[in-house]
Each structure stands twice: as C-alpha cells, then as structure tokens.
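For reference, the chains in residue letters:
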Amino acid sequence: MVLEVLNSVHYNVTSMVTEVAPVASIAILLFTGFLLLVWNYEDTSSIPGPGYFLGIGPLISHCRFLWMGIGSACNYYNKMYGEFMRVWICGEETLIISKSSSMFHIMKHSHYTSRFGSKLGLQCIGMHEKGIIFNNNPALWKAVRPFFTKALSGPGLVRMVTVCADSITKHLDRLEEVCNELGYVDVLTLMRRIMLDTSNKLFLGIPLDERAIVVKIQGYFDAWQALLLKPDIFFKISWLCRKYEKSVKDLKDAMEILIEEKRQRISTAEKLEDCMDFATELIFAEKRGDLTRENVNQCILEMLIAAPDTMSVSVFFMLFLIAKHPQVEEAIMKEIQTVVGERDIRIDDMQKLKVVENFIYESMRYQPVVDLVMRKALEDDVIDGYPVKKGTNIILNIGRMHRLEFFPKPNEFTLENFARNVPYRYFQPFGFGPRACAGKYIAMVMMKVTLVTLLRRFHVQTLQGRCVEKMQKKHDLSLHPDETSDLLGMIFIPRNSDNCLDH
C-alpha cells in the first residue's frame, strides 16, 4: 500500500511564506509543517518497515493483521521489508523476525518470557495471567509451568505410549463413527477425538463426551484466534463479540463440570495415589493457596485442548504427505516392521524410529501448524545491531525461517533435509530456552505412536489426488486447513486387504 512505503519529507515552511501572504495561509502552512515534523519525528527507527505517516501507518499495519491473519501478514511484511522489520499492532511497536540468529538470541534469554496480545481478548478467553499458553505475567507463568513439566515428562511420558496406542486402536475399531456415507474418513475429527481421549486419561481422568467437547474446543480456538489482536473498541460493541463469548463460555462451563467431578473424587478417595495426576496436583496447590481456582481450571482446560488444537492438525497434514509420497511410506513401513514388528509399541522403540522421526520433523518444517511465536521484551536490548526497547512486541516467524536457512531443499518435501543433523538454531518447531513448549517431548512420542499404530493397520489415500500444497488454508494464529472444503476426507484401506496389495 502507498502509505506503507512513503518516506519522511523535510519542508522549509518559512521559505514558502511571502511577506504578503494572508495570516490564515501562514497559520495553515505552520500547522502543516508541524504535522510533518511529528511524522518525521515518529518515523526515526533504524529498523526497516512501513512509514508512520501521522499515525496512519500503524492503523494500516494493524488492519492488515486483522484482515489477512497473523501468519499471512507476517509473511507479507517479511517478504516486503526483510527478515528483521517493524510494524505496529494496537499502536505498539512490533518486530517481525525470521532470522535464525535473532530468534536464537530471543529464545535463550529470560527477558523475553512474556507474551503479548489484547488484554481484553485474553481476559475473555481466560488466558490473561492464567494458564501457560498465553500467560503474559512471567511470575504467574513460572508458578504453573512446573506442574506442566512434571506431567509431560518422566512417568507421564512412559504412560503416554500405552494410553495413546490403546486410544488409537479403540477409535480405529469404531472408524464408522467418523466416516461419511461414501466411507471417507474425517481425519481431523478422528485425530481430535484420539488426542482428547489420550489427554483426558493422562491428565484429568474423568469420563467425558468426546464429540461434544471436541466441537467446543474448536469454538474456543476460533474465539482465541479472533480476539487475540482485536482493538479495545471491539469489546465495547456487544453484538460483535457475543458469539465468541458464548464459545468460550460453552467450553469453560463443560470443563468446570468435569473438574468439579474431579474435586469430588479426590475428596472421597480412600487412596489418593489412585487419582494422582496433573489435575490432582493443581487442585492440591489450590488448597494450599498457591494457585487460584480460576487459574487451576484454566491450566486443566489448556492441557486438554493443546493436542486437539494443534497436534491433530499436524498428523492430518502428515497423512496427506504420506499419501502423496509412497516412497516415504515404504521407508516408514520398513522401519516399523524392523523395530516394532507385530508386538505392541513400547517407550524404548522411540529412539530407534529414526525414519519416522525425520518424517515428523520434515512434515513440521514443510507444512507447519504452529509457525509463529509471540513474545514481549521485558528489558532494553540490542539484537543483531538493532536497538529493541522494553515493551516491544516480537513475532518470531519460525515457519519462514525454516524455508530460508540451512536446509538443502527448503521448498521441497524430502527426508534429505534431515539426512544430517540439523543445528537446533535452524530448526525450532517447539522453540527452546526458558519458554520452550513444555510438551515437546511428549508430543513427539504421541505423534510417533499415532503414526505407527495407524499405518500398521491402514494404507491412506486422499480424494481426487488432493495434497497439502493445493489445500485451502487459514493462516492466522496457527495454520489450519479450511474445514469448509468437502475434499478433506481420506480413504483408509486395511493393509491385509486386496486393495492395499494393489497399491
């Protein structure tokens, strides 16, 4: 847009005024000169980006994020201004970075552990200074993170293998529940139910209606994505945010009922060790006065929505990539047969599944779901020679970085990109440092178990040769397929059938 590339212009106002100029003309010229000086003063940053232009530049950049979506807008600006550039969101200076050296600096330092987003939006969805995902209060975030770390490692990591494999088997045995009349599998719904079932068994342990909760999780995610960067005025107009408030309330009310049942079970349990898990640990912390009830409920909610939100879509994309690349499927199946054979998958298989691991990494690089990290600077700093003021918002465009640096074939899907070890500064699907994803290890285990268990039973095909490259997607807070499409289903062919042998 024209206003985004205008440069500051210097005018000598006094030289334009003649001795016979009317007083009114002098006043207008002086006022114009004053506005131009304000424009010039505000646009003195050394960081590349659109011009300020009397505040219109920040308005345009914020509108672009609301119109295009966060991910699409970040790619647009990085492409236009470079891999380290500046825009404004909600009037606040915001850096968009897709440069590995800058990302490495930000992720490893503790003064970038806060996130940013609309305070009113985060309050609406319950994440303002609560939970772990978008909790932008470092002290409160540090108070809840150990509960997540403990639940997502150690014994929880080991239990994940059996729990996840059992859940997948159970859902594959009832595959007709997620098939249409033509027999096409709704893979997204299938994966969301598996992920929710697994997470619930590990972290909450209360029977729930998967169908209903999965729909409510989708509504909650839509509200989160829609409200995260909305200006304050949006929340003053009740009819604009009414549907989002309802979606949030629906999930929170359903979760509150489940969590209350958990509280009752704990209070009546004869042996507490029989119900010790993530939710129980949090409820005990609440009773000690370490956490508020609202924070406990939000933490449990976030633990249960995390996998259905993102991991289910990641596996969905992976299955589409497998369907398009039969040589990759062949390599995966050969490794599964060698490592696992006909027995149940175990935790000690995880390190041996190198082809599966490289496939997962390449899928997350080539077709990411979460490809952005949002942070806020808590101190003044200098990054790659650019001064960064305290309070500056930062968006790390990881998805773009994964296609710009290090990889030999960055724009192709090929396991050759992980044929040699990739330094972690060039590949950050889960981030690293103090605010890295707490569930990155358990997520890898969960994806390996899912792929191994499913692919041992079924060969997958897409409809009409559909592929991830031609799929309609929405690129906002995360990258999701457009679920209004009628070509997102897949065909699951049993591996012991004649049809599978033909392929």
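These numbers come from a predicted model, not from an experiment.

Chemist: Kindly report on the packing of helix H6 (residues 138-151) against helix H12 (residues 293-324), identifying the contributing residues and their values.
Modeler: Two elements in contact, H6 and H12, have axes whose closest approach is 11 Å; the angle formed by their N-to-C orientations is 35 degrees. Where H6 crosses over H12, the two elements pack in a sense that is right-handed. Contacts between H6 and H12 involve Val144, Phe148 and Ala151 from the first element and Asn295, Cys299 and Met303 from the second. By residue class, the composition of the contact of H6 with H12 is 5 nonpolar, 1 polar and no charged.

Chemist: Break down the nonpolar core for me, with residues and values.
Modeler: Counting residues in hydrophobic clusters, the biggest one holds 133 residues, and the most contacted among them are Phe65, Leu319, Phe359 and Phe492. Among the elements that take part in this core, H12 stands out by supplying 18 residues, more than any other. Among the nonpolar cores identified, the runner-up in size contains 18 residues, and Phe104, Ile106, Ala377 and Ile383 belong to it.

Chemist: Residues and numbers for the pattern of salt bridges, please.
Modeler: Here the structure, examined in full by the defined rule, presents 30 salt bridges. The partner of Glu93 in a salt bridge is Arg86, and the shortest N-O contact between them spans 3.6 Å. Classification of Glu93 as partly exposed rests on a relative accessible area of 28%. Measuring nitrogen to oxygen at the nearest pair gives 3.0 Å for the salt bridge that ties Asp290 to Arg288.

Chemist: Which residues make up the UniProt feature "binding site: heme" (unreviewed entry) in the protein, and what values do they have?
Modeler: UniProt feature "binding site: heme" (unreviewed entry): in the numbering of this structure it lies at Cys437. Checked against the element boundaries, Cys437 lands in the loop between helix H15 (398-401) and helix H16 (440-457). Its relative accessible area of 35% is what places Cys437 among the partly exposed residues.

Chemist: Which residues make up unusual backbone geometry, and what values do they have?
Modeler: One non-glycine residue, Leu54, lies in the positive phi region at around 60 degrees. Looking at the element boundaries, Leu54 is found in the loop between helix H1 (23-42) and helix H2 (56-68). The backbone of Gln464 shows a phi angle near 55 degrees, a positive value even though the residue is not glycine. Relative to the helices and strands, Gln464 resides in the loop between strand E7 (458-462) and strand E8 (473-475). The class of Gln464 is exposed, set by a relative accessible area of 72%.

Chemist: Give me the lowdown on the sheet that holds strand E6 (residues 393-397), citing residues and values where you can.
Modeler: Read across the open sheet, the 4 strands follow the order E1-E2-E6-E3; overall the sheet is mixed. Edge positions in the sheet fall to strand E1 (84-89) and strand E3 (372-376), since each has one partner strand and no second. This sheet shows a mean twist of 25 degrees between the axes of neighbouring strands, independent of strand direction. Bridge count for E1 against strand E2 (residues 92-97) is 6 bridges, and the pairing is antiparallel. Opposite Trp88, over in E2, you have Glu93 as the bridge partner.

Chemist: Give a description of a nonpolar patch on the surface that names residues and reports values.
Modeler: Taken together, the side chains of Ile233, Ile237 and Trp239 make up a nonpolar region of the molecular surface, amounting to roughly 340 Å² of accessible area. In this structure, Trp239 sits in helix H10 (residues 238-268).

Chemist: Give a detailed account of helix H3 (residues 70-81), specifying residues and quantitative values.
Modeler: Its 12 residues give H3 an end-to-end C-alpha distance of 16 Å, which sits within 8% of 16 Å, the value for a rise of 1.5 Å per residue. Those residues of H3 lying buried are Ile70, Gly71, Ala73, Cys74, Tyr77, Asn78 and Tyr81. End-on view of H3: buried residues confined to an arc of 160 degrees, all on one side of the axis.

Chemist: Describe in detail the packing of aromatic side chains, supporting the description with residues and values.
Modeler: Applying the stated rule across the entire model yields 25 aromatic pairs. Between Phe134 and Trp224, the ring centres sit 6.0 Å apart and the planes meet at 80 degrees, which makes this aromatic pair edge-to-face. Here Phe134 is found in the loop between helix H5 (119-125) and H6, whereas its partner Trp224 is found in helix H9 (residues 210-227), with 90 residues between them in sequence. An identical accessibility class is assigned to Phe134 and Trp224; each is buried. When the centroid spacing of 6.1 Å and the interplanar angle of 85 degrees are considered together, the rings of Phe407 and Phe427 count as edge-to-face. Taken together, the residues Phe407 in the loop between H15 and H16 and Phe427 in the loop between H15 and H16 connect sequence positions 20 residues apart. Overall, Phe427 belongs to the buried group, its relative accessible area being 9%. Taken together, the aromatic side chains of Tyr361, Phe406, Phe407, Phe418, Tyr426 and Phe427 make up a single cluster linked through ring pairs. Over the ring of Tyr76 we find Arg64, and its NZ or CZ is 3.8 Å from the ring centre. Over the ring of Phe407 we find Arg365, and its NZ or CZ is 5.1 Å from the ring centre.

Definitions and limits used
- Residues numbered from 1 in each chain as written.
- Predicted model: local features only at pLDDT ≥ 70, side-chain atom pairs only at ≥ 80, totals over all residues.
- Heavy atoms only, no water.
- Axes fitted to C-alpha atoms, helices over the stretch in contact; angles between N-to-C directions.
- Helix = DSSP H or I, 4+ residues; strand = E, 2+ residues; numbered from the N terminus.
- Left-handed = near helix turned anticlockwise from the far one by under 90°.
- Contact = heavy atoms within 4.5 Å.
- Nonpolar A, V, L, I, M, F, W, Y, C, P; charged D, E, K, R; others polar.
- Core = buried A, V, L, I, M, F, W, Y, C linked by side-chain atoms within 4.5 Å.
- Buried < 20%, exposed > 50% of the residue type's maximum accessible area, 1.4 Å probe, protein only.
- Salt bridge = Lys/Arg side-chain N within 4 Å of Asp/Glu carboxyl O.
- UniProt positions renumbered as here; feature names shortened; annotations may be inferred.
- Pairing = 2+ DSSP bridges.
- Patch = residues over 30% accessible without salt bridge, like charges linked within 9 Å, V, L, I, M, F, W, Y side chains within 5 Å.
- Areas by Shrake-Rupley, 256 points an atom, 1.4 Å probe, with all protein chains shown as cover.
- Expected span 1.5 Å × (residues − 1).
- Arc of directions from axis to C-beta.
- Phe/Tyr/Trp six-rings, centres within 6.5 Å; stacked < 30°, edge-to-face > 60°.
- Lys NZ or Arg CZ within 6 Å of the ring centre and 35° of its normal.

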